Structures are given as C-alpha cells and as structure tokens.
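# Report on the structure
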Amino acid sequence: MVAVSDWTGHFAELEGRGYFILEDVLTASQCEKLIQDFDKRREMGEFQDAGIGSSAEVQEKIRRSELVWLDHKNPPSAAEPALSLVEDLRQALNRRFFLGLNDQECFYSVYRPGSYYRRHVDNFKGRNSRIVTFILYLNQRWERSRGGELRIYWTADKIPGRPAEKKADQRLNLQECFLDVEPLAGRMVVFYAPELEHEVLPCHADRYCITGWLRR
Ligand code: OGA
Ligand code: MN
C-alpha cells in the first residue's frame, strides 16, 4: 500500500464534487497477488451472482457480476494492503467530518465479459447506512475496447474550475454530466454513497476490483 500522508485535498474534493480518485495506491505486485486470490476462489466456486436490494435478489437486467463477501476483520492476506488503506481512510474521515463510521462491508468483485451494473445509488430504499463507497481496481492493462468504465453522474454546478478549463478536460462530458473512469490497477475511487449515481458500463474482459462501504 502507498500510504496517503494527507487526506485534506481529497476530502475537499469529496465535499465539493461528491467523490475523489487516487492513483497508485496498490503496487503492481499487490494487485497481482489479489488477482491470484480472486482466481483461486473462482476455481473453488466461491463467487456468487451479485444481487440488488436488501434481499440481494439477482436481477440480470440491472446487475450482472459476481462477488465474494470478505470478513474485513479477518481478511485474506492478499487483501490486507487494500484494507489497511481503507482503515486509514475510515479514521481520517471520522476525524475530519465526525461521521462515526464504525462498520464496513467489502467484497471481491468480478465482471466477466457481458457484465454491467446499470445506473444506481449504493443504498437500499429507505436506508442510508452506507455512507462512503470505496472501489480499488486491479487490472494491470485496460483498453477502451474492453468497456467496463465506471460512469459517475453529477450535476454541472458541482464541478469546480473555470469553464474554459473544464471544456479542455477531455474526460469531462459537460453536456451529459458524467465522468468515465477506467478500471486501472492501483486506482481507488471514493464517493459519498447516499447521493452519487453511477454505473458500470458493459464490460468485454474480466474486470477485477475490491468494493465496499464504510457504514454506521
Ligand atoms: C457497486 C458498483 C462499481 C465498479 O458494486 O455497487 O457500483 O466500478 N461498482 O465496480
Ligand atoms: Mn454501486
């Protein structure tokens, strides 16, 4: 894990936009070890079809992917670097925003070719216990043709910066108001779970990540 020495700037983005993105938080070999652990568990049949809502009902029109829930207090050794960074994040969020985040959910997530997760927010209807979402991507290489970007929706007024600068930023689509994030190894996306709408675009290659929520 690459320790984050100062969360201040990232938390300002979280307040302003509702999300932030970090690069290189895991090394290539840490990502590699994780993927090996994923593949071992796939061979052992530990992955299950991901469901939606509190009943975790599988609805293939909305979400097609596979997961293994982890015990974050007793994680597989391959997941330790990732989860110790998440623990660091949890404590820093509590210090900065007094969020009282004291619980966590987390899982190994695989999108095989043909998978996706349509536009959604990360909370069950009427419940808001998931406060902050984190996603750590593991694929060493990723090309456009593979699809599978994380699409983050937002309202244009939330985007800080001068209009001309925003126009020049190729990754921003101001008309549609979304940002597409490639699922690249070492990249971590953190966002405010109750509000931020997002989706995983249809994916054409195996896509690996660790996903979870900080809760209270
Ligand atoms: C989710 C989700 C995004 C991703 O699992 O709820 O939105 O990039 N995942 O895998
Ligand atoms: Mn989600």
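As shown above, the structure is provided for reference.
Let me begin by describing the structure that accompanies this report. It should be emphasised that the depicted structure is a prediction, and the values quoted were computed from it without experimental measurement.

### Overview of the state of the cysteines
Where two cysteines share a covalent bond between their sulfur atoms, that bond is called a disulfide. Counted under the stated rule, the structure contains zero disulfides. Considering cysteine sulfurs only, Cys-209 is the nearest to Cys-106, which forms no disulfide, with 11 Å between them. Judged by its relative accessible area of 1%, Cys-106 falls in the buried class.

### Comments concerning the coordination of the manganese ion (ligand 2)
All of the protein donors around the manganese ion (ligand 2) are His-120 (NE2), Asp-122 (OD) and His-198 (NE2); their distances to the metal are 2.1 to 2.2 Å. Read in sequence order, the donor residues for the manganese ion (ligand 2) give the motif H-x1-D-x75-H. Of this pair, Asp-122 sits in the loop between strand E6 (115–120) and strand E7 (130–137) while His-198 is found in strand E12 (residues 198–203), placing the two residues 76 residues apart along the sequence. Given a relative accessible area of 6%, Asp-122 falls into the buried group. Judged by relative accessible area, His-198 falls into the buried class, the value being 3%.

### Structural notes on the nonpolar core
Formed by 40 residues in total, the largest nonpolar core has its most connected members in Tyr-108, Met-188 and Ile-210. Of all the secondary structure elements, the ones that give two or more residues to this core are helix H1 (8–17), strand E1 (19–22), helix H2 (28–43), helix H3 (80–97), strand E5 (103–111), E7, strand E11 (188–192) and strand E13 (207–215). Top element by residues in this core is H3. It accounts for seven residues.

### Notes on the side chain of Thr-211
Summarising the element assignment, Thr-211 is placed in strand E13. When neighbours within four sequence positions are excluded, Thr-211 is seen to be in contact with Glu-105, Cys-106, Phe-107, Ser-109, Phe-134 and Ile-135.

### Topic: the sheet that holds E13
Two pairing modes exist for strands in a sheet, parallel and antiparallel, and in both the strands are linked by backbone hydrogen bonds. Strand order in the open sheet made by the seven strands is E1-E11-E7-E13-E5-E4-E2, with antiparallel pairing throughout. Both edges of this open sheet fall to E1 and strand E2 (48–49), since each of them pairs with a single strand only. Both E7 and E11 contribute to a ladder of five bridges, which runs antiparallel. Its bridge partner being in E11, Val-132 is matched across the sheet by Tyr-192. The sheet contacts of H1 involve E1 and E11, and relative to E1 the element is tilted by about 145°. Against the sheet, H3 contacts E1, E5, E7, E11 and E13, and its axis sits at roughly 30° relative to E13.

### Considering the pattern of salt bridges
Applying the stated rule across the entire model yields 16 salt bridges. Between Asp-206 and Arg-42 there is a salt bridge whose closest N-O contact spans 3.5 Å. Here Arg-42 lies in helix H2 and Asp-206 lies in the loop between E12 and E13, a separation of 164 residues in the sequence. Taking relative accessible area as the criterion, Asp-206 reaches 26% and is therefore assigned partly exposed. The closest approach of N and O atoms between Glu-66 and Arg-112, which form a salt bridge, is 2.7 Å. Here Glu-66 is found in strand E4 (residues 66–69), whereas its partner Arg-112 is found in the loop between E5 and E6, with 46 residues between them in sequence. Through salt bridges that share partners, Asp-37, Lys-40, Arg-41 and Glu-46 make up one connected network.

Calculation notes
Residues numbered from 1 in each chain as written. Chains lettered and ligands numbered in written order. Predicted model: local features only at pLDDT ≥ 70, side-chain atom pairs only at ≥ 80, totals over all residues. Heavy atoms only, no water. Disulfide = S-S within 2.5 Å. Buried < 20%, exposed > 50% of the residue type's maximum accessible area, 1.4 Å probe, protein only. Donors = N, O, S within 2.8 Å, 3.2 Å for Na, K, Ca; no water. Helix = DSSP H or I, 4+ residues; strand = E, 2+ residues; numbered from the N terminus. Core = buried A, V, L, I, M, F, W, Y, C linked by side-chain atoms within 4.5 Å. Contact = heavy atoms within 4.5 Å. Pairing = 2+ DSSP bridges. Axes fitted to C-alpha atoms, helices over the stretch in contact; angles between N-to-C directions. Salt bridge = Lys/Arg side-chain N within 4 Å of Asp/Glu carboxyl O.

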